[in-house]
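Structure assessment
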Amino acid sequence: MEERGIVNINRGVAEVVTALVVLAAVIALFVNSLSLPPSPMRGYPGPGFIPRIILLFTGAFALLWLGRLYLGRGGRRHDPGSPEAEAEAAPVVFEYRDFALAIGAGALFAVGLDTVGFEVTCVAITFALLYPRLDSPAMSAVAAVATMLTIYLVFVLALGVSIPLAFLPSYITF
């Protein structure tokens, strides 16, 4: 199965790794939020106030999650034939190629919006995500262009959201 980008992981290991990644992300984002500017008005919280509250709660829940995982493993053991023991021993199927593609697509989308504009970035990212799943490259390209045009029509024209456009004129209205 590994040649298709799929690997089986122990459920307990997968949960611990996920909780640690969430906790590391919370810490990194919290440190980053400390560099946000102070409030322009005295006595009011600055722009980092709400993100810090959200990150503190998320970090607390991640710590509770890790604590439950740690205490749950050491305190009680299930009978080898019980459903709980089978669920814990069951492997989790993880498609690492698709995961890496989705993470890379999100990062490239954020970078591509500023450099080449929304149209090129949206079509390229959508095509890259659809190409492995659809039968033909032509169908992937048509779906990518249709997706970009739909997003453009809904957000730019209908809702008036400002998107960094490179080719489509933002002043067209129906």
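Remember, it's a predicted structure, so these values are computed and weren't measured experimentally.

**Regarding the overall build of the chain**
A count of helices and strands for the chain gives 6 helices and 2 strands. Order of helices (α) and strands (β) in the chain, N terminus to C terminus: β-α-α-α-β-α-α-α. Residues classed as buried in the chain amount to 19% of the 174 residues present. Look at the contacts in the chain between residues 6 or more apart in sequence, and 60% of them connect residues 24 or more apart. In the structure as shown, the chain presents an accessible area of about 12,300 Å², 71% of it carried by carbon and sulfur atoms.

**Thoughts on the environment of isoleucine 27**
Residue placement: isoleucine 27 occurs in helix 1 (residues 11–33). For isoleucine 27, a relative accessible area of 51% translates into the label exposed. The spatial distance from the C-alpha of isoleucine 27 to the C-alpha of threonine 58 is 10.0 Å, given a sequence separation of 31 residues.

**What about the nonpolar core?**
Ranked by size, the top nonpolar core spans 7 residues in total: Leu113, Phe118, Cys122, Met148, Tyr152, Val156 and Ile163. Sorting the residues of this core by element identifies helix 5 (118–130) and helix 6 (137–158) as the ones contributing at least two each. Among the elements that take part in this core, helix 6 stands out by supplying 3 residues, more than any other.

**As for helix 5**
Under the 1.5 Å per step criterion, the end-to-end length of helix 5 is 18 Å for 13 residues, consistent within 8% with the ideal 18 Å. Phe118, Glu119, Thr121, Cys122, Ile125 and Thr126 are the residues of helix 5 that are buried.

**As for the packing of helix 5 against helix 6**
Axis separation between helix 5 and helix 6 bottoms out at 8 Å; the angle between their running directions is 140°. Considering the angle they form, helix 5 stands oblique to helix 6. The crossing of helix 5 and helix 6 is right-handed. Contact with helix 5, carried on its side by Phe118, Glu119, Cys122, Val123, Thr126, Phe127 and Leu130, involves Pro137, Ser140, Ala141, Ala143, Ala144, Val145, Thr147, Met148, Ile151 and Tyr152 of helix 6 and no other residues of that element. The residue inventory of the contact of helix 5 with helix 6, partitioned by class, reads 13 nonpolar, 3 polar and 1 charged.

**Quick word on a nonpolar patch on the surface**
The grouping of Phe49, Ile50, Ile53, Ile54, Phe57, Phe61 and Leu64 at the surface amounts to a nonpolar patch, some 730 Å² of accessible area in total. Structurally, phenylalanine 57 can be placed in helix 2 (residues 49–75).

**Digging into the packing of helix 4 (residues 96–115) against helix 5**
Two elements in contact, helix 4 and helix 5, have axes whose closest approach is 9 Å; the angle formed by their N-to-C orientations is 170°. Accordingly, the angle class assigned to the pair helix 4 and helix 5 is roughly antiparallel. In this structure, helix 4 contributes Leu101, Ala102, Ala105, Leu108, Phe109, Gly112 and Leu113 to the contact, and helix 5 contributes Phe118, Thr121, Cys122, Ile125, Ala128 and Leu129.

**A word on the confidence of the model for the chain**
Scored by pLDDT, the chain comes out at a mean of 81, with 83% of its residues at no less than 70. Confidence scores differ between elements of the chain, with helix 3 (residues 83–89) showing the lowest mean pLDDT of 63 and helix 6 the highest of 90.

Conventions and cut-offs
Residues numbered from 1 in each chain as written. Predicted model: local features only at pLDDT ≥ 70, side-chain atom pairs only at ≥ 80, totals over all residues. Heavy atoms only, no water. Helix = DSSP H or I, 4+ residues; strand = E, 2+ residues; numbered from the N terminus. Buried < 20%, exposed > 50% of the residue type's maximum accessible area, 1.4 Å probe, protein only. Contact = heavy atoms within 4.5 Å. Areas by Shrake-Rupley, 256 points an atom, 1.4 Å probe, with all protein chains shown as cover. Core = buried A, V, L, I, M, F, W, Y, C linked by side-chain atoms within 4.5 Å. Expected span 1.5 Å × (residues − 1). Axes fitted to C-alpha atoms, helices over the stretch in contact; angles between N-to-C directions. Parallel < 35°, antiparallel > 145°, perpendicular 65-115°, else oblique. Left-handed = near helix turned anticlockwise from the far one by under 90°. Nonpolar A, V, L, I, M, F, W, Y, C, P; charged D, E, K, R; others polar. Patch = residues over 30% accessible without salt bridge, like charges linked within 9 Å, V, L, I, M, F, W, Y side chains within 5 Å. Salt bridge = Lys/Arg side-chain N within 4 Å of Asp/Glu carboxyl O. pLDDT = per-residue confidence, 0-100.

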